[in-house]
Amino acid sequence: MSLIWPGSARSGVILLDREGTEIQKLHFGEKTLVQMREKALAKWQDTEAMACRNQMRAWLDPHEDHGYDRTKSLKHISDSAPLDSKYQKLWIFLMAAVQEFPECDSTKGYSESTSISSFILPLCRVFMSMPSQRVYLNFVDSTTESGRSRIGSKSRKEPDLALEIKDGSNKTVCEGGFGEVTSHAQKGYRKKNAKDLVRIGLSLKDALDFIGDSYGVHSAVLVGWQVIGQNMAIYLMFKCGNLYILIHVRDVTIPDNLTELGTISTQIKVWNDLRATIEQGLSPVFEAVASGKRLVVSSVCPLDPTLPRIETTRTPEFKTFLSRV
């Protein structure tokens, strides 16, 4: 899926997938699209995951050898607590998963809320939450900070999950990422899934605007993710001038039973890359929040103060897209 919904000639959001669509090539030119994609992919951080992969195999290979026996696997993992502190959250997750995951769920009939609370949040918190930086992954149960600053949006629906950045008083000051989830039962609903992706893009754009207006940071890279069934697509968004580029970078699988836990070890590098990308992309935001200096939120375009900021939700292109998906 690839789309573009411009706010004006100066502003817009582009979902850049592979080499781009014919409309995008016509609008931007093939050379510009190649440069955009190269710049976007450069935002993804590459890490060395051999040590982590070996640790995962030490935990999960016996789990498979034991025929996914819950008692034997739990004893083995509990007796193999990691010496390196950076693996402790992963070890705690595996302990909980071995105790709570079903042996094999062939029906996949659980609800969206069960998917989030039982499978997605426990795993994603291992690689997204950063308590040392006051970054926490949570349900969205009210309007987000960036959502409150949104102008012209008629939709009050917020994403399912938000990566919240808090200050020293534990107050959420901004968001660094958003996620949408669709259960197995609804994964064939193309219109819902398309709107969810649009909501991710809109929320990330609002968050970038909010961070720029509130803290003067215009170099942040935010993460978005969409889980459909068990497939989690990871996106990055950042600003290039007054253009917001959203790019799909990787897919991972969310395990939901004991026999699928091994998929984590095969994809551990992607999870580690994701964590490093989030930390690097939000580093200027951490510094700005730590300084305690907050600017007055503006409704004008930061690149040209004489122009009002164009809101994506007000454009006819955006409304047309929503009516056709």
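Residues numbered from 1 in each chain as written. Predicted model: local features only at pLDDT ≥ 70, side-chain atom pairs only at ≥ 80, totals over all residues. Heavy atoms only, no water.

### Some details on the overall build of the protein
- Within the protein, the regular secondary structure consists of 11 helices and 10 strands.
- Counting across all 325 residues of the protein, residues that qualify as buried make up 51%.
- Considering only contacts in the protein between residues 6 or more positions apart, those separated by 24 or more positions represent 64%.
- Total accessible area on the protein is roughly 15,300 Å²; 51% of this is exposed by carbon and sulfur atoms. (Helix = DSSP H or I, 4+ residues; strand = E, 2+ residues; numbered from the N terminus. Buried < 20%, exposed > 50% of the residue type's maximum accessible area, 1.4 Å probe, protein only. Contact = heavy atoms within 4.5 Å. Areas by Shrake-Rupley, 256 points an atom, 1.4 Å probe, with all protein chains shown as cover.)

### A word on the pattern of salt bridges
- Counted according to the given criterion, the structure contains 12 salt bridges.
- E260 serves as the salt-bridge partner of K108, at 3.3 Å between the closest nitrogen and oxygen. Taken as a pair, K108 in the loop between α5 (88-100) and α6 (112-128) and E260 in the loop between β8 (243-253) and α9 (263-266) lie far apart in primary sequence, 152 residues in all.
- Between D196 and R199 there is a salt bridge whose closest N-O contact spans 3.0 Å. Of the two residues, D196 and R199 are both situated in helix α8 (residues 190-215); the distance of three residues between them amounts to about one turn of the helix.
- Judged by its relative accessible area of 4%, D196 is buried.
- We classify R199 as buried; its relative accessible area is 17%.
- Members of the salt-bridge network, linked through shared partners, are E112, E180, K192, D196 and R199. (Salt bridge = Lys/Arg side-chain N within 4 Å of Asp/Glu carboxyl O.)

### Topic: the packing of aromatic side chains
- Inspection of the entire model under this criterion finds four aromatic pairs.
- Centre to centre, the rings of Y110 and F119 are 5.1 Å apart; their planes meet at 55°, and the pair counts as tilted.
- A cation over a ring is seen here: K43 above F238, with NZ or CZ 4.9 Å from the ring centre. (Phe/Tyr/Trp six-rings, centres within 6.5 Å; stacked < 30°, edge-to-face > 60°. Lys NZ or Arg CZ within 6 Å of the ring centre and 35° of its normal.)

### Overview of α6
- Counted at 1.5 Å a residue, the expected span for α6 with its 17 residues is 24 Å, but the 20 Å between its end C-alpha atoms falls short.
- Along α6, the positions that sit buried rather than exposed are S115, I116, F119, I120, L121, L123, C124, V126, F127 and M128. (Expected span 1.5 Å × (residues − 1).)

### So, the nonpolar core
- Among the nonpolar cores identified, the biggest contains 88 residues, and F93, M232 and L261 are the most heavily contacted of them.
- Among the elements that make up this core, the one with the highest residue count is helix α10 (residues 268-291) (10 residues).
- The residues touching F93, leaving out its near neighbours within four places in the chain, are F101, P122, L123, V126, L261 and I264. (Core = buried A, V, L, I, M, F, W, Y, C linked by side-chain atoms within 4.5 Å.)

### Concerning unusual backbone geometry
- Of note in the backbone geometry, Y68 takes a positive phi value of approximately 60° without being a glycine.
- Relative to the helices and strands, Y68 resides in the loop between α3 (50-65) and α4 (70-78).

### Notes on the side chain of S183
- Looking at where S183 falls in the secondary structure, it is placed in the loop between β5 (172-182) and α8.
- Beyond its immediate chain neighbours, meaning those up to four positions away, S183 contacts Y110, S111, E112 and G229.

### Description of α5
- In this model, α5 (13 residues) spans 18 Å end to end at C-alpha, consistent with the 18 Å of a helix rising 1.5 Å per residue.
- Listing the buried residues of α5 in full gives L90, W91, F93, L94, M95, A97 and V98.
- Contact partners of the buried residues in α5: α3, α4, α6, α9 and α10.

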